[in-house]
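As a plain string of letters, each chain reads:
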Protein chains: 4
Amino acid sequence: MVGYKFMGKAHSHAYRDLPFFFDTDVEPVLQTLVGRNQNAVRLAAEKLGWLSYETDWRRLLERDDIDVVDIGTPNGSHAEIAIAAAKAGKHVLCEKPLAMNTLQAKEMWKAAEQAGVVHMICHNYRFAPAVQWAKKLIQEGVLGDIYHFRAQYLQDWIMDPQFPLVWRMRKEVTGSGTLGDLMAHSIDLARFLVGEIREVSGLLETFIKTRPVGEMSGGLEAAASGGAVAEVDVDDAAAALARFENGAVGVFEATRFAKGNRNGNRIEINGSKGSIRWEMDRMNNLELYLENDPLGIQGFRSITCTEGVHPYAGAYWPAGHPIGYEHTFINLMHEFMRGISGKGGNPSPSFEDGYRNQVVLEAIEQSATAGAKVAITY
Amino acid sequence: MVGYKFMGKAHSHAYRDLPFFFDTDVEPVLQTLVGRNQNAVRLAAEKLGWLSYETDWRRLLERDDIDVVDIGTPNGSHAEIAIAAAKAGKHVLCEKPLAMNTLQAKEMWKAAEQAGVVHMICHNYRFAPAVQWAKKLIQEGVLGDIYHFRAQYLQDWIMDPQFPLVWRMRKEVTGSGTLGDLMAHSIDLARFLVGEIREVSGLLETFIKTRPVGEMSGGLEAAASGGAVAEVDVDDAAAALARFENGAVGVFEATRFAKGNRNGNRIEINGSKGSIRWEMDRMNNLELYLENDPLGIQGFRSITCTEGVHPYAGAYWPAGHPIGYEHTFINLMHEFMRGISGKGGNPSPSFEDGYRNQVVLEAIEQSATAGAKVAITY
Amino acid sequence: MVGYKFMGKAHSHAYRDLPFFFDTDVEPVLQTLVGRNQNAVRLAAEKLGWLSYETDWRRLLERDDIDVVDIGTPNGSHAEIAIAAAKAGKHVLCEKPLAMNTLQAKEMWKAAEQAGVVHMICHNYRFAPAVQWAKKLIQEGVLGDIYHFRAQYLQDWIMDPQFPLVWRMRKEVTGSGTLGDLMAHSIDLARFLVGEIREVSGLLETFIKTRPVGEMSGGLEAAASGGAVAEVDVDDAAAALARFENGAVGVFEATRFAKGNRNGNRIEINGSKGSIRWEMDRMNNLELYLENDPLGIQGFRSITCTEGVHPYAGAYWPAGHPIGYEHTFINLMHEFMRGISGKGGNPSPSFEDGYRNQVVLEAIEQSATAGAKVAITY
Amino acid sequence: MVGYKFMGKAHSHAYRDLPFFFDTDVEPVLQTLVGRNQNAVRLAAEKLGWLSYETDWRRLLERDDIDVVDIGTPNGSHAEIAIAAAKAGKHVLCEKPLAMNTLQAKEMWKAAEQAGVVHMICHNYRFAPAVQWAKKLIQEGVLGDIYHFRAQYLQDWIMDPQFPLVWRMRKEVTGSGTLGDLMAHSIDLARFLVGEIREVSGLLETFIKTRPVGEMSGGLEAAASGGAVAEVDVDDAAAALARFENGAVGVFEATRFAKGNRNGNRIEINGSKGSIRWEMDRMNNLELYLENDPLGIQGFRSITCTEGVHPYAGAYWPAGHPIGYEHTFINLMHEFMRGISGKGGNPSPSFEDGYRNQVVLEAIEQSATAGAKVAITY
């Protein structure tokens, strides 16, 4: 695995915990953790349970005991690592957004396909049992024709103007701000649950134009400054209107300036026969309204998706015992392992999903710049 | 009062109930109810408690015992009645949206101003105590600088394709669909709580393109048909992105196709120091997050706005005893009566508010047609 | 009507507003308001809309233009007034608890029965549409056999030890504290929804043993003191375990010491086929769980009881538009008027219900004193 | 570890996952799993990650490489194993309830004390960060004097009369039904958060008197029958009123007959300065009401206890990323390991807590039988 910060921890834990909950033909072995800072990666490897560490990801490619490369680095380096890994015959799991732009994303997808390796993008929120259950209900027609999809992804961690210019706010490293970091997740949920988007109108906003740079703003590249400020060149907030291919209307909003919302990832879907609501803050619950309920007892019901019948839920605890954030990764890794074991084809979301997601993100950005709607072409 | 359907009932009740709860210098007397169908208006006058009835609203203008004209008719007739009433020296209360277009709306506003009569537009949701309290908190800077306003107004009453083409879906009578009926309320809340809007991108959608016409589709004009269908020429759903003059970003959505949402009118505001959430379904509650709460006990608090300190609440019941939909009208009428009694100037929302609201609605419509953002000029 | 404080206001409003919403053969006329303080009752009569006032309730009995006596005085005077009114052939509505003890309560019931007048006790919470709907669902067997009833009635208005000894805390005037004021409502809901109680274990507690007396502690009798304190001889909190005749287990709790709960009146019922939850803070909503929902989509659904199909709801506003506290009284008065008009027999809850409620309250008090369970005999 | 069913899985996982999240001087090694059925325990050991297995727990006592005995068996065998383990110098963690009666429980506690081993009882719900945070707030006086504690522990898994007589319903194996299984947790929370209980009145009920026995009713002892039914000799539901030593009033209810509540473990505490509410279904959230909030903005706030400042939360994920049921065990095991490493003395809840809990349970049972309140003496 390349990268050992927040996502490094989440992925490491998932690999470790996976065999306890799921029976799989393929079990992950935490071989080697990669990071540029030797001391830091050494400590991280020890803490996160990796057998060894490296400071250059290229070393992984030569090794026969490495079957999988997991990329948890800032977005700017995804393409290079993923393409090289695929070419070396390694299965690849990559954090989102897949790339810095659609061109890169397509290259990654094609490289993985040509190499015949298993490839996934880490849209973990799909793997909440309640979201998987929503997918099943929609597929079975329980909601009827879909008219509306709305999503908000609200955070508040950079609202202090003195919060430094960390890598997630530097365009050259990350590509975009909330767009690729947060709205990418919402778009993945939209595509997963409703289908492809054919047109968008976008709006991007940067509320705090400059921020201090310094120690804290590190990441792959350390900023070499003290007391200085630099321009924020990515969005603090993003919003978009969309039309789906099936005629549904989408409204998307992502921001890091919604005080009180630490990780407020919410979706709602309205169809001709019913509606659903889900939010990460109550991740085990799916709110469902059914038109066909008898008159007088219609209402949104709150389904606690911890029953054996709910996707993945049976692997954990008896009904009514909640799971948490980390289990979305365990479920995702389980699909990745199933893919590697040759079961069920290449799992979703694949690099193709990552590419299509990137196309939507890029169209939103173009629309925001042009002040006009943009048609999506894949 | 002109009109005796849903709004006729709501207004009549508010006038009747007002003196019980509020001490006012001016007390409403329910003189004359106006409607075109003589039999129906006679029955309605009796039921709603009016002393007499008329079939032509012009009669009201001549009478000395009529001080106020309240317009609860479909939108197409607002301007004519309001302008005539103002010229006749009657105070005017008008349902929303104010008019069919901005030109009409401006004429109405100017006519009322020149006549020196008290004028209000009936945006009743402003008058939920929780919304008024939100206004006070924002004015006092409790939320800091406002970054985000988001509103959804979700209904589901016309989702059945067999639901007939009632007047609220006929452009010549109503001007627009959800835009003027629902989003007008959200825009009023936005302007009231956050300020003026300077730019919008809009999207309008009609999911069900044709509907049956017939008996049920009546209104001011009866549709003369049987078994036939006609084109729906207004929007079933509307969405808009906006920028406010103060830099805040707005996201608006209104629809009559959100199954399970009978009258789901919700808003959220995020500021640099706090956030609020409110929805009509829990109209007595205001959710408030405050940055300055001590570390570890930060969280959205649910304020039940039924205390003596909350606007209008003291007039009703002891703390903790909820009020309902009708009380938003009583509170609004109370301000209208105060205006008529000469206290506090012309109350808000005035015809000017109605006009400015209309400008935003029209810009959203233009943007939706053009596929590009539109700047607001008043 | 005798009494003009909180309940006087609630009842007056309900009588006034009733004809607007309901068609009834009998329409209330607000003839005479009675209170001991001439000046206060005069002002109240004017404010609340009564045609005249009196300072002695006995005067009502002689008058032919008085058909109904409504008793909203402190509990100590209920019996005398009600019995005299019944004997004088007046229909009687009485606030809860019916009396100071079961003996008085039985006399009241028998007097009303013998006089052949219509008699009701004002347990208004029964008349929330959601509670009536719950009753219907239970009657139809939707919940199956009932296993559990639990109720909490939580308030917090006397938690300040400096809050004076008002009449609601004086045993000679009120009989009991939270027991008769709050738990009486819960017991009424229990009897209405589940059935008769056959055995109780009770606990009563007075947290603040003495309180200041003075101006504010008035009521029917003014306390003649300054700066002095007096003993609180009623309960600040009450709790009870119960067995119902049908085998269900009941758990009741009432308190005025639950900080943050202004009027937290909540119930839950669990049956073999489903469960319900209701609380006054969300009075329009009924939470319903149904065993027979398909596997995987079971969950508590939140029914907004504002549809035409829900009891009383059709009289008010379109679906999704909430009603409030005052409407529980309007609905109750509607039943009272129906009873007077000769439709449907004597309405529930009757004085017999008041008597049976009192028997349970008294048993709880006896149990609390004795430290042992007490069997209920009517 | 002895036992490998539900609790065996929960404990095994916690030991495995603990070192990933917490730095501890002592790290658990999963040496040996014990169960009576050789084949089953072999498979379980493999699945749960134990290095070896045994069929007789006595073997553990002789081994030098065993430092800890974790008892996850049905309640009837707790005492024998725990006392033997303590005498053999092993640290002991035991599932709740500690024993079959207070005498056993006291022996276990004394044995562990005399042996000088670390001893804990597995009341895991204490270890939800939100509950720990509640404890801190109460200790610091944020809630003031405590007036009320109320707890419900609602489940619904045995409501079907055809559900077989599993070991949790057999008195000889388990001691009691909901009392020891569910209410024991509520009493632990009460003692942890409010203090010792001095008096109780109890009620026990068995709704379904007989149940089928057979294969599924196994456990440590297999039932030797086919098609037959047997008497249920433990409680399906339990309720209790209590007085705490500090004057607070407690109301407890536990049941397995509350349809729709899979694992509804809820508590509320009301104090002179504030209140809290917590329920396992939203385990990361603590509802807090503070008297000292400014007038007009008082209300229950929902604190998501996932911030670095909240107990244990910093070990997991960034703020706003929920944890689940299993983390309560990880946190508990973390304290157990700290105790073993010699830090902070014997951790809570200890065997003494288990004993005191048992005393309360036994008093409730006695009270239920006698129909009178029972004083608690330790």
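This text goes with the structure placed above it.
Notes on the structure follow. The structure displayed is predicted, hence computed values, not measured ones.

Cut-off values and rules
- Residues numbered from 1 in each chain as written.
- Chains lettered and ligands numbered in written order.
- Predicted model: local features only at pLDDT ≥ 70, side-chain atom pairs only at ≥ 80, totals over all residues.
- Heavy atoms only, no water.
- Salt bridge = Lys/Arg side-chain N within 4 Å of Asp/Glu carboxyl O.
- Helix = DSSP H or I, 4+ residues; strand = E, 2+ residues; numbered from the N terminus.
- Buried < 20%, exposed > 50% of the residue type's maximum accessible area, 1.4 Å probe, protein only.
- Pairing = 2+ DSSP bridges.
- Axes fitted to C-alpha atoms, helices over the stretch in contact; angles between N-to-C directions.
- Contact = heavy atoms within 4.5 Å.
- Buried area = accessible area lost by both parts, 1.4 Å probe.
- Parallel < 35°, antiparallel > 145°, perpendicular 65-115°, else oblique.
- Left-handed = near helix turned anticlockwise from the far one by under 90°.
- Nonpolar A, V, L, I, M, F, W, Y, C, P; charged D, E, K, R; others polar.

## Some remarks on the pattern of salt bridges
All told, the structure shown has 130 salt bridges over all chains when counted by the stated rule. Here E253 of chain A makes a salt bridge to R150 of chain B, at a shortest N to O gap of 2.7 Å. Note that E253 of chain A is positioned in strand 11 (residues 249–255) and R150 of chain B in strand 6 (residues 146–154), a pairing that runs across two chains. Of the two residues, E253 of chain A and R150 of chain B, neither departs from the other in class, the shared state being buried.

## Some remarks on the sheet that holds strand 3 (residues 68–71) of chain A
Residue and element names in this part refer to chain A. Strand order in the open sheet made by the 3 strands is 3-4-5, with parallel pairing throughout. The open sheet has two edge strands, strand 3 and strand 5 (119–121), and neither has a second partner. On average, each strand axis in the sheet is inclined to that of its neighbour by 10°, with strand direction left out of account.

## Quick notes on the environment of A315 of chain D
When you line up the elements, A315 of chain D lands in the loop between strand 15 (300–304) and helix 9 (325–340). For the pair formed by A315 of chain D and G296 of chain D, sequence separation is 19 residues and the distance between their alpha carbons is 37 Å. Ignoring sequence-local partners within four residues, the contact set of A315 of chain D consists of K9 of chain A together with F21 and F22 of chain D.

## Describing the interface of chain A and chain C
Listed by partner, the interface residues are 16 residues for chain A and 16 residues for chain C. When the two sides are added together, the surface that chain A and chain C hide from each other amounts to roughly 1,200 Å², 58% of it contributed by carbon and sulfur. Broken down residue by residue, the surface that chain A buries against chain C is led by G296, I297 and R301 of chain A, which jointly contribute 44%. Our count for the contact surface shared by chain A and chain C stands at 2 salt bridges. For the salt bridge of R301 of chain C with D293 of chain A, the shortest nitrogen-to-oxygen distance reads 3.0 Å. Going through the elements one at a time, helix 6 (129–139), strand 14 (285–290) and strand 15 (300–304) of chain A are the ones with two or more residues in the side of chain A that touches chain C. With 4 residues, the top contributor of residues to the side of chain A that touches chain C is strand 15 of chain A.

## Observations regarding the packing of helix 1 (residues 6–21) of chain D against helix 9 of chain D
All names here are of chain D. It is the contact of helix 1 with helix 9, at a shortest axis distance of 8 Å, that shows an interaxial angle of 65°. Classified by the angle between their axes, helix 1 and helix 9 sit roughly perpendicular to one another. In this structure, helix 1 crosses over helix 9, and the sense of that crossing is right-handed. Together, F6, M7, A10, H11, H13, A14, Y15, D17, L18 and F21 of helix 1 and Y325, E326, F329, I330, M333, H334, F336 and M337 of helix 9 make up the contact between the two elements. Looking at the contact of helix 1 with helix 9 residue by residue, the classes come out as 13 nonpolar, 3 polar and 2 charged.

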